[in-house]
Amino acid sequence: MAPIRVGIVGLRPGPDGKPADSLGIGYWAAVVHLPALRALSEYYEIVAVCNSTVESAKQAIKQYGLPESAKAYGGAEEIANDPNVDLVVVSVNVAKHLELARPALLKKKLVFVEWPLGAGLAQSEELSKLAKAAGVHTSVGAQGRADPLVVKVKSIIESGQIGKVVNSSAWVSSGAITNDTWIEEAEYFLEHKSGGNILFIYFGHFLDSFVHVLGDFTEVQAILKTAIDKVAIYSAKGELVNPAYPKSGADQILVQGILESGAVASIAVRGPRADVDDVSFRWVISGTEGQIEVIIPHNNWQFSEPKRTLKLRIGKNEVQTVDFLSGDEFDGKLPQLSTNVARQYLAFAKGDTERVVTFESALKTKRLLDRIIKAAGWESF
């Protein structure tokens, strides 16, 4: 099979004429997607880059060592019209997902966009509708579903080892993210209506895995609260830009309800300055025959944290530490942030929809987030 020909929208050139080698505003495609795609050269070939200008795209092609034959574009319409591009990867701020993905969908291209699917429910619904009309395969960057940990948890539950699931509780801390300072040019992360903040990104990534494993909520109650409403903004050089930027996004989240299976579920998210135990996620799933515990130390849910653990106890037997990485071809061979993205790309190339979040399944999670917002009495958008 010939490789899927990829056009990347949002491959930002590195600072000072050098390739970006660490995360910063706008460098997710460079730092995360490039290593993943390069590790899958049997399946993918990068043939085009689209940035805000043709010159920026040319710089990116040169800096990141892409083939000289790669095309440089300065607009979404241009890359969508390239007959040599099969898959358009949109790796930009969520506010631009609809604008930049629409031309590719209208041209019936395969499309990948980062999570969240759209800035709000209306944009997400439009993207899903466009994809359905185009009849193309799609992917959304909620790469947690491709994590072998999540795959293993789902497998254990479906095997019946813990019996019927009756309860699931998760305690989540955003302590891995600073809560009283932030970066210039990323103020959207502090705003509720940006669609890209603690609720939609940090919590949203986990929520997508939660419902993928356990099923949707049939009943939901929620509390959203902004405990810290002013944040100091600093430039990339460490200079204070605004000592008290107003924050409207929620940093304390409580969700509880009943799942489709009838199980009782609750997720509590706190936003501390630091954690006493350095644990970002503790997820417990209780069944009639046993219990599962997942621990993610001090990291984002979807980042393939090397020290994450999965424990299982059946009845009153000894607690087992479950190996979920046996046979995995990416662990320890790629930068940590790229591993789950590579797993998702591989699943996409093989048509494995179980480990890929499609526009349709992403919309389902977005609708749940909208229900949570409404249940908390906050403004939906």
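What you are looking at is a predicted structure, and each value in this text was computed from that prediction instead of being measured.

Caption draft 1: Expanded view of the side chain of lysine 154. In this structure, lysine 154 sits in helix 6 (residues 148-159). You can call lysine 154 buried: its relative accessible area is 12%. Polar side-chain contacts of lysine 154 include one of 2.6 Å to the side chain of glutamate 158. Discounting chain neighbours no more than four positions away, the residues touching lysine 154 are His212, Val213 and Glu354.

Caption draft 2: Layout of the environment of glycine 24. Structurally, glycine 24 can be placed in the loop between strand 1 (4-9) and helix 1 (28-38). The class for glycine 24 is partly exposed, based on a relative accessible area of 33%. The spatial distance from the C-alpha of glycine 24 to the C-alpha of alanine 186 is 9.7 Å, given a sequence separation of 162 residues.

Caption draft 3: Inspection of the sheet that holds strand 1 at higher detail. Reading across the sheet, the 6 strands line up as 3-2-1-4-5-6 and stay open at both edges, with parallel pairing between neighbours. Either end of the sheet is taken by a strand with one partner, and the two such strands are strand 3 (71-73) and strand 6 (138-141). Pairwise comparison of adjacent strand axes, ignoring direction, gives a mean angle of 25° for this sheet. Summarising the sheet, strand 5 (residues 110-114) and strand 6 pair through 4 bridges and their orientation is parallel. Bridging across to strand 6, valine 111 finds its partner in threonine 138.

Caption draft 4: Structural view of the nonpolar core. Among the nonpolar cores identified, the biggest contains 87 residues, and Phe203, Phe210, Trp283, Ile285 and Ile292 are the most heavily contacted of them. Here the element with the most residues in this core is helix 7 (residues 198-214); it accounts for 11 residues. Once residues within four sequence positions are removed from consideration, isoleucine 285 is found in contact with Val153, Ile157, Ile162, Val165, Asn167, Ser168, Val213, Leu214, Gly290, Gln291 and Ile292. Membership of the second largest hydrophobic core comes to 41 residues, among which are Val32, Leu37, Tyr43 and Tyr345.

Caption draft 5: Representation of unusual backbone geometry in the model. That bond from tryptophan 115 to proline 116 is cis: its omega, 0°, falls within 30 degrees of zero. Relative to the helices and strands, proline 116 is located in the loop between strand 5 and helix 5 (121-134). Here the phi dihedral of aspartate 278 falls at roughly 55°; this positive angle occurs in a residue that is not glycine. Looking at the secondary structure, you find aspartate 278 in the loop between strand 13 (264-270) and strand 14 (279-287). The partly exposed category is assigned to aspartate 278, whose relative accessible area is 43%. We note that serine 304 has phi near 55°; this positive angle belongs to a residue other than glycine. Position of serine 304 among the secondary structure elements: in the loop between strand 15 (290-297) and strand 16 (309-314).

Caption draft 6: Just the packing of aromatic side chains, in detail. What the rule picks out here adds up to 14 aromatic pairs. Both rings, one in phenylalanine 206 and one in tryptophan 283, keep their centres 5.3 Å apart while their planes meet at 85°; by these two values the pair is edge-to-face. Here phenylalanine 206, found in helix 7, pairs with tryptophan 283, found in strand 14; they are 77 residues apart in sequence, far enough to count as distant. We note that phenylalanine 206, like tryptophan 283, is buried.

Caption draft 7: Just helix 6, in detail. Along its 12 residues, helix 6 runs 16 Å from first to last C-alpha, staying within 8% of the 16 Å computed at 1.5 Å per residue. Along helix 6, the residues that are buried comprise Pro148, Leu149, Val150, Val153, Lys154, Ile156 and Ile157. The elements touched by buried residues of helix 6 are strand 7 (165-173), helix 7, strand 14, strand 15, strand 16 and helix 8 (336-349). Residue glycine 160 follows helix 6 closely and has a positive phi angle near 85°.

Caption draft 8: A look at the side chain of aspartate 251. Residue placement: aspartate 251 occurs in the loop between strand 11 (240-246) and strand 12 (252-259). Polar side-chain contacts of aspartate 251 include one of 2.5 Å to the side chain of lysine 247. With sequence-adjacent residues up to four places away left out, aspartate 251 is seen in contact with Lys225, Thr226, Ala227, Ile228, Val269, Arg270 and Gly271.

Caption draft 9: Highlighting helix 8. An ideal rise of 1.5 Å per residue puts 20 Å on 14 residues; helix 8 measures up with 21 Å between its terminal C-alpha atoms. Taking burial as the measure, the 14 residues of helix 8 include 13 buried ones, the bulk of the element. Phi turns positive, to about 75°, at glycine 351, one or two residues after helix 8.

Caption draft 10: View of the pairing of strand 14. In terms of burial, strand 14 is largely enclosed, as 8 of its 9 residues are buried. Relative to strand 14, strand 7 is paired through 7 bridges, and the arrangement is antiparallel. The residue bridging serine 169 from the neighbouring strand is valine 284, located in strand 14. Summarising the sheet, strand 14 and strand 15 pair through 7 bridges and their orientation is antiparallel. Bridged to arginine 282 within strand 15 is isoleucine 295. Hairpin connection from strand 14 to strand 15: 2 residues lie between these consecutive antiparallel strands.

Caption draft 11: Geometry of the pattern of salt bridges. Evaluated as defined, the whole model comprises 16 salt bridges. Taking the shortest distance from any N to any O, the salt bridge between lysine 154 and glutamate 354 comes out at 3.0 Å. Taken as a pair, lysine 154 in helix 6 and glutamate 354 in the loop between helix 8 and helix 9 (359-375) lie far apart in primary sequence, 200 residues in all. A residue is classified by how much of its surface remains accessible, and glutamate 354, at 39% relative accessible area, is partly exposed. Lysine 193 serves as the salt-bridge partner of glutamate 379, at 2.7 Å between the closest nitrogen and oxygen. Here glutamate 379, found in the segment after helix 9, pairs with lysine 193, found in the loop between strand 8 (181-183) and helix 7; they are 186 residues apart in sequence, far enough to count as distant. Judged by its relative accessible area of 45%, lysine 193 falls in the partly exposed class.

Cut-offs and rules
- Residues numbered from 1 in each chain as written.
- Predicted model: local features only at pLDDT ≥ 70, side-chain atom pairs only at ≥ 80, totals over all residues.
- Heavy atoms only, no water.
- Helix = DSSP H or I, 4+ residues; strand = E, 2+ residues; numbered from the N terminus.
- Buried < 20%, exposed > 50% of the residue type's maximum accessible area, 1.4 Å probe, protein only.
- Polar contact = N/O pair within 3.5 Å; in protein donor to acceptor, adjacent residues only side chain to side chain.
- Contact = heavy atoms within 4.5 Å.
- Pairing = 2+ DSSP bridges.
- Axes fitted to C-alpha atoms, helices over the stretch in contact; angles between N-to-C directions.
- Core = buried A, V, L, I, M, F, W, Y, C linked by side-chain atoms within 4.5 Å.
- Phe/Tyr/Trp six-rings, centres within 6.5 Å; stacked < 30°, edge-to-face > 60°.
- Expected span 1.5 Å × (residues − 1).
- Salt bridge = Lys/Arg side-chain N within 4 Å of Asp/Glu carboxyl O.

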